[in-house]
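# Summary of structural features
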Amino acid sequence: MNATHTLTLHWVPPPSSSTALFASAAPSTPSSLSFHTSKSSSTTSLSSAAANTTFSTSQDHVLLSLLQQRKTEEAWLLYAQCSDIPNTTCLSRLISQLSYLNTTEGLTRAQSVIERLRRERQLHRLDANSLGLLAVAAAKGGHTLYAASIVKSMLKSGYLPHVKAWSAVVSKLSTSGDDGPIEAIKLFNSVMKRVARFADAEIVKDSYPDTGAYNAVLNACANIGNTKKFLQLFDEMPGFKCEPDALTYNVMIKLCARVDRKDLLVFVLERIIEKGVPLCMTTLHSLVAAYVGFGDLETAEKLVQGMREGRRDLCKILRESCSNDIYSDDEDSGDDELDDPFEKLLPNIIDYSREPPELPQAFAPNSRIYTTLMKGYMESGRVADTVRMLEAMRVQKDSSSHPDHVTYTTVISAFVKAGSMERAREVVAEMGRSRVPANLITYNILLKGYCHQLQIDKAEDLIREMVDEGGIEPDVVSYNTLIDGCILVDDCAGALTYFNEMRKRGIAPTKVSYTTLMKAFASSGQPKLAHKVFDEMIKDPRVKVDVIAWNMLVDGYCKLGLIEEGKSIIENMKENGVFPNVATYGSLANGIALARKPGEALLLWNEVKERCGVGEESSTIPPLEPDEGLLDTLADICVRAAFFRKALEIVACMEENGIHPNKTKYKRIYVEMHSRMFTSKHASRARQDRRRERKRAAEAFKFWVGLPNSYYGSEWRVESADDYE
């Protein structure tokens, strides 16, 4: 069956509950909330007056009475039946109570009220509390961008959101993908600038940042490894009477792990003890997770064993285990240590000779800590140790150390990674016997295992089992896994079917959903269908189109040699503020080679040269670090096309970037394609003059690859190509 002719891209419109949050008045403008507080316009004043009078006083009274009795559903029905707008008190209270429900339906209803008021330019009638609650509800519901737009619009319009509202949005942004952490820092700064404008602290006290707000923005800094910003914010905390707590130092542990400072982990623990901050299991778990992340399972094991033995000198254990890391880092740091932000964050790192403090009490490891260590075993392929840990946890006297669903899921992941699906299913059966039911994550891991083994039928059976026996509905991860599995068996129709089924179920596609489906069509030689998926992705305001999606589209066209389409997409990338990376240029170079258009390779090389700093530097575009695949492809094209000067430029770029050129391959290409070049004895003088420069470049290239050339003063003799095999 020819998939190119039989596949039809059937787009199912997303449900209103998932798209209404991003409705906009004009399709051409990005969605955002805007509050019009100016009352200088007579039109606006008349509109407001009309709105206040059309909704009768009696209806306002009934609506307010229902809201005061917490009869939110009845209040909503009354509001929905009336075509007029209630008064300010009713509107704000209705928004507040709908948001407080923390349900998808309540959030959608609250958003519809907001959208109606925005269309009629009446958003200024809502108070800050109702908008703040809506922002919190949107953040909890996973609509982080919408929640952020509410807070930004409140600030722009002069509203001051409560710290619990704006910090909840900052917290969500700090852990979201793409530019989430950066946006979290920007939002925090915006709130602080607004607060700083008020001389009377009493007016803005409810918007002042608390320790939770600082922890949220510090987490954003840790996630992107921004040490200097972390220090700046940490130093600001005392000014707002915010004391670092255990969570603050847990985030600092994450920062140390992010910037590859394993040597500092023990000093974070010591600082917590010295400052008298109440220690919790989460801190010890963060330490174990950090050492596991560094691949230092030996230190992680010593830490867990010390906890099992009830020892309080865990700092001493960590110092002894990591002594080589601490002292080697001290010797190598040199003068750079003077500017090390960690010296201010952790003043105790200056004096290594001090006796390490002891914990105020002993802490026994719980199932979470054991499971984290098990994940380290799993990542390193130590399946036997993973199973041994599970068996040891079963016989622990402390019930908090018994295996839970996370523990069992970790063991299942180890078996799936090792390709042992049968043993993974045995663990699932054991979970049932232990009354620890498998959850959605467990099933998704099994699903991924079957798809990677190309057992799509068993994956589909697992989905039915999950729904029928477990009562668990598949989520977007489940469908993404199935779509990817269909790609592995070259089933584009199946991938599209699952994508549409997911949307019918009201499950919003993620960036992975779109790019995976694009991959299906691009890899099967159907770039136009991939382009349709890309267009849908651009229309979806919940998804940020990144360079990976653009590259998928470029690669789809270039695999067929359609370089004009590929170049057009690259230009669109730049217009949308997305700069091509090495993968983008690599796909275009492969397309140029396939299309046999060496002239395009010269244009591409000029752009790459500018980006990688070989040519003139530009401050308007980010630098590029070329890889072997891109430069080798460009050099190959230039050698075949006899562009020897450009080939030598590319070779020089390879050597500058530590890439070893394949001289043997280029020599063979020259001998096979250009060995008789410049050997004609009947060329005219004019023709000889025109090719003199080209011949000089050819001689230089022959010199570089080690062929006889004019630099040796020897006569160039054409040898058989077989001599170079």
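Residues numbered from 1 in each chain as written. Predicted model: local features only at pLDDT ≥ 70, side-chain atom pairs only at ≥ 80, totals over all residues. Heavy atoms only, no water.

This part is about the overall build of the protein chain. Tallying secondary structure elements over the protein chain gives 39 helices and zero strands in all. For the protein chain, the proportion of its 725 residues judged to be buried stands at 49%. Residue pairs at least 24 apart in sequence account for 67% of intrachain contacts in the protein chain once pairs closer than 6 positions are excluded. Just so you have it, the protein chain exposes about 35,500 Å², and 50% of that area is on carbon and sulfur atoms. (Helix = DSSP H or I, 4+ residues; strand = E, 2+ residues; numbered from the N terminus. Buried < 20%, exposed > 50% of the residue type's maximum accessible area, 1.4 Å probe, protein only. Contact = heavy atoms within 4.5 Å. Areas by Shrake-Rupley, 256 points an atom, 1.4 Å probe, with all protein chains shown as cover.)

This part is about the layout of surface pockets. A volume near 280 Å³ is recorded for the second largest pocket. Contributing to the lining of the second largest pocket are 20 residues, with N129, G132, L133, H162 and A165 lying nearest its centre. Per-element tally for the lining of the second largest pocket: the top contributor is helix α8 (residues 128-140), with seven residues. (1 Å grid on protein atoms, 1.4 Å probe; cavity = no way out; pocket = protein on both sides within 12 Å on 5 of 7 lines; lining within 4 Å. Points joined across faces, edges and corners; volume = space filled by probe spheres on them.)

With the rule as written, the count across this model stands at 11 aromatic pairs. Plain terms: the ring middles of W76 and Y79 are 5.5 Å apart, the flat faces sit at 35° to each other, and that makes the pair tilted. Note that W76 and Y79 are positioned in helix α5 (residues 72-81) at a spacing of three residues, about one turn of the helix. Judged by its relative accessible area of 7%, Y79 is buried. (Phe/Tyr/Trp six-rings, centres within 6.5 Å; stacked < 30°, edge-to-face > 60°.)

The next thing to look at is the nonpolar core. Formed by 208 residues in total, the largest nonpolar core has its most connected members in F230, L345, L346, I412, Y666 and F701. No other element matches helix α12 (residues 211-224), which puts eight residues into this core. If we ignore the near neighbours within four places in the chain, the residues touching L345 are F230, L231, F234, M252, L255 and R271. (Core = buried A, V, L, I, M, F, W, Y, C linked by side-chain atoms within 4.5 Å.)

Although it is not a glycine, D260 sits at a positive phi angle of roughly 60°. With respect to the helices, strands and loops of the structure, D260 is situated in the loop between α14 (246-258) and α15 (265-274). For D260, a relative accessible area of 57% puts it in the exposed group. With phi around 55°, R596 is a residue other than glycine that occupies positive phi space. Within the fold, R596 resides in the loop between α33 (582-595) and α34 (598-611). What makes R596 exposed here is its relative accessible area of 76%.

The next thing to look at is a nonpolar patch on the surface. A surface patch of nonpolar side chains, amounting to about 230 Å² of accessible area, comprises L454, L488 and V489. You can see L454 is positioned in the loop between α25 (440-452) and α26 (456-468). A residue is classified by how much of its surface remains accessible, and L454, at 46% relative accessible area, is partly exposed. (Patch = residues over 30% accessible without salt bridge, like charges linked within 9 Å, V, L, I, M, F, W, Y side chains within 5 Å. Salt bridge = Lys/Arg side-chain N within 4 Å of Asp/Glu carboxyl O.)

One pass over the structure, following the stated rule, counts 38 salt bridges. Here E115 ties to R119 by a salt bridge, and the two come within 4.0 Å at their closest N and O atoms. Placement of the pair is E115 and R119 together in helix α7 (residues 104-119), with a separation of four residues, close to one helical turn. The exposure class assigned to R119 is exposed, which follows from its relative accessible area of 55%. The partner of R382 in a salt bridge is E301, and the shortest N-O contact between them spans 3.4 Å.

Another point: the packing of α5 against α7. In contact at an axis separation of 12 Å, α5 and α7 are set at 35° when each is read in the N-to-C sense. Along this stretch, α5 crosses α7, giving a crossing that reads as left-handed. Where α5 abuts α7, its residues E73, W76 and Y79 lie against R109, S112, V113 and R116. Partitioning the contact of α5 with α7 into residue classes produces three nonpolar, one polar and three charged. (Axes fitted to C-alpha atoms, helices over the stretch in contact; angles between N-to-C directions. Left-handed = near helix turned anticlockwise from the far one by under 90°. Nonpolar A, V, L, I, M, F, W, Y, C, P; charged D, E, K, R; others polar.)

On to the environment of K609, then. With respect to the helices and strands, K609 occurs in helix α34. Residue class for K609 comes out buried when judged on its relative accessible area of 16%. Along the backbone, K609 and C653 are 44 residues apart, and their C-alpha atoms lie at a distance of 8.4 Å.

The topology assignment puts R271 in helix α15. Despite being buried, R271 has no salt bridge partner; E274 is the closest side chain of opposite charge, sitting 4.2 Å away. Beyond its immediate chain neighbours, meaning those up to four positions away, R271 contacts Y249, L345, L346, P347 and N348. (Lys, Arg positive; Asp, Glu negative; His and termini not counted.)

Attention now goes to helix α10 (residues 163-175). A rise of 1.5 Å per residue sets the reference length of α10, with its 13 residues, at 18 Å; its end C-alpha atoms lie 18 Å apart and thus fit the reference within 8%. V163, A165, W166, S167, V169, V170, L173 and S174 are the residues of α10 that are buried. Contacts made by the buried residues of α10 are with α8, α9 (144-156), α11 (180-196) and α12. (Expected span 1.5 Å × (residues − 1).)

Right, let's talk about the environment of Q455 for a bit. The residue Q455 is located in the loop between α25 and α26 in this model. In the structure, Q455 is positioned 30 residues away from G485 in sequence and 8.4 Å away in space, judged by C-alpha atoms.

So, about the packing of α5 against helix α6 (residues 88-100). Relative placement of two packed helices is described by the angle separating their axes and the distance separating the axes. Contact geometry of α5 with α6 gives a least axis separation of 10 Å together with a crossing angle of 130°. It follows that α5 is oblique to α6 by the angle criterion. Two packed elements cross with a definite hand, and for α5 against α6 that hand is left-handed. Along its contact with α5, which presents T72, A75, W76 and Y79, the element α6 presents L94, Q97 and L98. Residues belonging to the contact of α5 with α6 are distributed by class as follows: five nonpolar, two polar and no charged. (Parallel < 35°, antiparallel > 145°, perpendicular 65-115°, else oblique.)

Let us now look at the confidence of the model for the protein chain. Here the protein chain shows a mean pLDDT of 82. Residues at 70 or above account for 84%. In this model, residues 1-54 is a region of pLDDT below 50 whose contacts with residues beyond four sequence positions or in other chains number 92 contacts. Below a pLDDT of 50 lies the segment residues 713-725, which in the model reaches 16 contacts outside its immediate sequence neighbourhood of four places, other chains included. (pLDDT = per-residue confidence, 0-100.)

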